[in-house]
Amino acid sequence: MLLDVTAWRAGGEEQLGTKPKQWLRDPADRLWLWKAATWNPSPSGEYRKGDDWAERVVTEIARSLDVPVATTELAERAGVFGTVSLSVLDPESERLVHGNELLAEIDVIGSDPHDRSGYSLDAVRRSLEGVAGSVPGSSAFECLAGYLIVDAVAGNTDRHQENWAVIENPAAQRRLAPSFDHASSLGFLLDDASRSEMLHTSDRNQTPEAWAGRARTRFEGRAHPVEIAAAAIDMIGPDVSGAYLEPLEQLDLRRIVARVPEFRISEPAREFASRVAEANRARILSHLTRTMDP
């Protein structure tokens, strides 16, 4: 879906993060977060990064894996490309408690997303003890493991302390919020010259697959997204993680990427993203399959 949000009225400002963001209200008075696509300088001139289409593609990857995810659509506002994400809260009665706040509750100080000290999977699991999952009948950490599997496939390197949260109601009951903020994925920040060079190289160390293998997360130790997801799979056990096996086997990444309109993604970006995601999917699927073996 492509949304023209030019006429949507302002609904407030968003303080977290570094990208231009603004809350907007649609004609039905629902609250959406607008994010403008960002730009990078290069020797040949400024180019628009792919944070808009990357966010949309990862949303569909999550849906294909039955992972709860914020509704995010490609959008345009006064001629500017970007995305809008529907608020996951009841604005009258709920609030979002971000991961850095939860970690502080267990004395893991993580207010600075660039400070990874103590930011480990074990700390995250401890901070979510007793919190309900985003899927009924599941725990919060079990559901978060699904978010990390999505990150692994997309090569999302930005699951820092403020990029996951719980929803708290007036009775102080908490449940894990749907996954959100996935723009740092699929080679979104590269220009097409770099992508094309890697797509056509004969150097195995410079292919999209090799590039995907060099990704690093925000967790302490800077592990690869696949390594983080594999560790989470081991922590929740095969009875829970096995539910992701068949959806991952059936995941059609090229079909998902092909849904992005041509005027929002170039052909080199489309091919590069597909190959990166397929390489990552194969790695996490291999680990998941091994955990299923008797």
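Residues numbered from 1 in each chain as written. Predicted model: local features only at pLDDT ≥ 70, side-chain atom pairs only at ≥ 80, totals over all residues. Heavy atoms only, no water.

### Some remarks on the overall build of the chain
Secondary structure summary: the chain contains 11 helices and 11 strands in total. Taken over C-alpha atoms, the radius of gyration comes to 19 Å for the chain, in line with the 19 Å a tight globule of 294 residues would show. Dimensions along the principal axes, computed over C-alpha positions, put the chain at roughly 55 × 55 × 35 Å. The buried share among the 294 residues of the chain stands at 53%. By sequence separation, contacts in the chain at least 24 residues apart represent 65% of the contacts at least 6 residues apart. (Helix = DSSP H or I, 4+ residues; strand = E, 2+ residues; numbered from the N terminus. Rg over C-alpha atoms; globule rule 2.2 N^0.38 Å. Buried < 20%, exposed > 50% of the residue type's maximum accessible area, 1.4 Å probe, protein only. Contact = heavy atoms within 4.5 Å.)

### A closer look at helix 1 (residues 51–64)
Spanning 14 residues, helix 1 covers 20 Å between terminal C-alpha atoms, matching the ideal 20 Å at 1.5 Å per step. For helix 1, the buried fraction is high: 12 of the 14 residues fall into the buried class. Of all the positions in helix 1, only Asp51, Asp52, Trp53, Ala54, Glu55, Arg56, Val57, Val58, Thr59, Glu60, Ile61 and Ala62 are classed as buried. Of the residues flanking the end of helix 1, it is Asp66, one or two places downstream, whose phi is positive at about 60°. (Expected span 1.5 Å × (residues − 1).)

### Some thoughts on the environment of Ser286
Tracing the backbone through its elements, the reader meets Ser286 in helix 11 (residues 267–292). Separated by 41 residues in sequence, Ser286 and Leu245 place their C-alpha atoms 9.7 Å apart.

### Re the packing of helix 7 (residues 225–236) against helix 11
Their axes nearest at 10 Å, the elements helix 7 and helix 11 cross at an angle of 20°. Relative to helix 11, the element helix 7 lies roughly parallel. When the axes of helix 7 and helix 11 are compared, the crossing they make is right-handed. Facing Val226, Glu227, Ala229, Ala230, Ile233 and Asp234 of helix 7, the residues of helix 11 in contact are Asn280, Arg283, Ile284, His287, Leu288 and Thr291. The class makeup of the residues in the contact of helix 7 with helix 11 is six nonpolar, three polar and three charged. (Axes fitted to C-alpha atoms, helices over the stretch in contact; angles between N-to-C directions. Parallel < 35°, antiparallel > 145°, perpendicular 65-115°, else oblique. Left-handed = near helix turned anticlockwise from the far one by under 90°. Nonpolar A, V, L, I, M, F, W, Y, C, P; charged D, E, K, R; others polar.)

### Focus: the pattern of salt bridges
What the rule picks out here adds up to 25 salt bridges. The partner of Glu94 in a salt bridge is Arg175, and the shortest N-O contact between them spans 3.0 Å. With a gap of 81 residues between them, Glu94 in the loop between strand 8 (80–86) and strand 9 (95–98) and Arg175 in strand 11 (residues 174–176) connect regions that are remote in the sequence. The partly exposed category is assigned to Arg175, whose relative accessible area is 32%. (Salt bridge = Lys/Arg side-chain N within 4 Å of Asp/Glu carboxyl O.)

Interpretation note: all reported values are geometric properties and have no functional meaning in isolation.
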